[in-house]
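Listed below are the residues making up each chain.
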Amino acid sequence: MARARIRHPCLAKERIAMDVALFTCLADNYAVLIRDDATGTVALVDAPASEPVIAELDRRGWGLDLILVTHKHHDHIEGVPALVARYGAKVLAPAQATDALPQADRFVKEGDRLMVGDTVVEVWDTPGHCADHVSFHLPAQQMIFVGDTMFTMGCGRIFNLPPDMLYAALKRIGDLPEATRIYSGHEYTLSNARFALATEPDNAAIQSRLQAVEAMRAKGTPTVPTTVAEERATNVFLRARDVAEFAARREAKNRF
Ligand code: ZN
Ligand code: FE
């Protein structure tokens, strides 16, 4: 269970303070609850299952106002119907997910702006893992929710799409300010770190991060979120020099 208090130093606290709760669902999925302090509005990013979300909400005494869906794969939406039935939460889903989530209240795409209470959320199209994948960027909080686009030290699998789409999405995330926290949908970091070291054996940042990740996972500590600075130093997919090298690394990871 990770909990962080995110505050932007330049802006008035009541406009920007937010509670963040990340927790495990299913085997290795993460879901995240964010609560805008000024209004008490609560949003869930991805709903792999309903029970762990309900348990976390009950523990905190929170309701649920919004569900933000990054993509339509079952391990990100299975909990949606039960959570909507229980809380009456509004569902926001990627524009092309109409078949998987016909009950969504709003379909979102690149350039759309959402409000979680007083908190601004910008929608990015980040296709590449699947064609209709979005990420949710909170610029004032310096946070981004990327679903299965990027993982800590890794990236999503590519399902029948040209690799340049995912490569471009990773590069865009990697161009955010260094302190930006990246929340992804799975705990795959141990495998990613081992692959990273096999790919760049002389990279000292990867060597030491593998040790840190092993220690964290031995204690059950999540390795999500990560930061843009850490990914620039240790994510071999983001670090690929061009799309050909990226595609070769993605292929190699599939067999690793
Ligand atoms: Zn997925
Ligand atoms: Fe997934």
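Residues numbered from 1 in each chain as written. Chains lettered and ligands numbered in written order. Predicted model: local features only at pLDDT ≥ 70, side-chain atom pairs only at ≥ 80, totals over all residues. Heavy atoms only, no water.

**Describing the coordination of the iron ion (ligand 2)**
Point 1. Donor atoms from the polypeptide that coordinate the iron ion (ligand 2) comprise Asp75 (OD), His76 (NE2), Asp148 (OD) and His186 (NE2), at 2.1 to 2.3 Å from the metal.
Point 2. Coordination at the iron ion (ligand 2) is irregular: its four donor atoms span angles of 82 to 173° at the metal.
Point 3. Each donor residue of the iron ion (ligand 2) belongs to the same chain, with the gaps between them written as D-H-x71-D-x37-H.
Point 4. In this structure, the iron ion (ligand 2) lies 3.2 Å from the zinc ion (ligand 1), and both are coordinated by aspartate 148. With aspartate 148 in the loop between strand S11 (143-147) and strand S12 (150-151) and histidine 186 in the loop between strand S14 (181-184) and helix H6 (189-199), the pair connects residues that are 38 residues apart, well separated along the chain.
Point 5. For aspartate 148, a relative accessible area of 4% puts it in the buried group. (Donors = N, O, S within 2.8 Å, 3.2 Å for Na, K, Ca; no water. Tetrahedral: all angles 85-135°; square planar, octahedral: opposite > 155°, others 65-115°. Helix = DSSP H or I, 4+ residues; strand = E, 2+ residues; numbered from the N terminus. Buried < 20%, exposed > 50% of the residue type's maximum accessible area, 1.4 Å probe, protein only.)

**With respect to the coordination of the zinc ion (ligand 1)**
Point 1. Donor atoms from the polypeptide that coordinate the zinc ion (ligand 1) comprise His71 (NE2), His73 (ND1), His129 (NE2) and Asp148 (OD), at 2.2 to 2.4 Å from the metal.
Point 2. Classification of the site at the zinc ion (ligand 1) as irregular follows from its four donor atoms and the range of 82 to 173° in their angles at the metal.
Point 3. Donor residues for the zinc ion (ligand 1), ordered by position in the chain, follow H-x1-H-x55-H-x18-D.

**What about the pairing of S11?**
Point 1. Across the five residues that make up S11, a large majority, five, are buried.
Point 2. Side chains Met143, Phe145 and Gly147 project from S11 onto one buried face, and the interleaved Ile144 and Val146 project onto a second face that is buried too.
Point 3. Of the strand pairs in this sheet, strand S10 (residues 134-138) and S11 are connected by three bridges, and their pairing is antiparallel. Each bridged residue has a counterpart across the sheet, and for phenylalanine 136 the counterpart in S11 is phenylalanine 145.
Point 4. The antiparallel pairing of S10 with S11 creates a hairpin that spans four residues between the two strands, and glutamine 142 there sits at a positive phi of about 55°.
Point 5. Bridging between S11 and S14 involves four bridges; their strand directions are parallel. In the sheet register, isoleucine 144 faces S14, and the bridge partner there is isoleucine 182. (Pairing = 2+ DSSP bridges.)

**With respect to the environment of alanine 198**
Point 1. Inspection of the secondary structure assignment puts alanine 198 in helix H6.
Point 2. For alanine 198, a relative accessible area of 52% gives the class exposed.
Point 3. Alanine 198 sits 122 residues away from histidine 76 along the chain, and the two C-alpha atoms are 30 Å apart.

**Details of the confidence of the model for the chain**
Point 1. Averaged over every residue, the pLDDT of the chain is 94; residues scoring 70 or more account for 94%.
Point 2. The model gives residues 11-15 a pLDDT under 50, and that stretch makes five contacts with residues more than four places away or in other chains. (pLDDT = per-residue confidence, 0-100. Contact = heavy atoms within 4.5 Å.)

**With respect to the packing of helix H5 (residues 163-174) against helix H9 (residues 243-255)**
Point 1. Orientation of H5 relative to H9, taken along the N-to-C sense of each, is 105°, at an axis distance of 10 Å. Here H9 runs roughly perpendicular to H5, going by the angle between their axes. Along its contact with H5, which presents Pro163, Asp164, Leu166, Tyr167 and Leu170, the element H9 presents Val243, Phe246 and Ala247.
Point 2. Among the residues making up the contact of H5 with H9, the classes are represented as seven nonpolar, no polar and one charged. (Axes fitted to C-alpha atoms, helices over the stretch in contact; angles between N-to-C directions. Parallel < 35°, antiparallel > 145°, perpendicular 65-115°, else oblique. Nonpolar A, V, L, I, M, F, W, Y, C, P; charged D, E, K, R; others polar.)

**Details of the side chain of arginine 209**
Point 1. Relative to the assigned elements, arginine 209 resides in helix H7 (residues 204-218).
Point 2. When its relative accessible area of 12% is taken as the criterion, arginine 209 is described as buried.
Point 3. Within the structure, the side chain of arginine 209 is placed 2.8 Å from the side chain of threonine 226, a separation counted as a polar contact.
Point 4. Residue contacts for arginine 209: discarding those within four places in its chain leaves Thr152, Met153, Thr226, Glu230, Glu231 and Thr234. (Polar contact = N/O pair within 3.5 Å; in protein donor to acceptor, adjacent residues only side chain to side chain.)

**A few points about the state of the cysteines**
Point 1. With the rule as written, the count across this model stands at zero disulfides.
Point 2. Looking at the unpaired cysteine 25, the closest cysteine sulfur is the one in cysteine 130, lying at 18 Å.
Point 3. Left without a disulfide partner, cysteine 155 is nearest to the cysteine sulfur of cysteine 130, which lies 13 Å away. (Disulfide = S-S within 2.5 Å.)

**Considerations on unusual backbone geometry**
Point 1. Here the bond from valine 224 into proline 225 is cis, since omega is 5°, no more than 30 degrees from zero.
Point 2. With respect to the helices and strands, the residue proline 225 is situated in the loop between H7 and strand S15 (226-227).
Point 3. Phi at aspartate 46 is positive, roughly 70°, even though this residue is not glycine.
Point 4. With respect to the element layout, aspartate 46 can be found in the loop between strand S4 (42-45) and helix H2 (51-60).
Point 5. Residue aspartate 46 is classed as buried on the basis of its relative accessible area of 3%.
Point 6. A positive phi angle, near 55°, is found at glutamine 142, a position not held by glycine.
Point 7. Structurally, glutamine 142 can be placed in the loop between S10 and S11.
Point 8. Assessed through its relative accessible area of 26%, glutamine 142 is described here as partly exposed.

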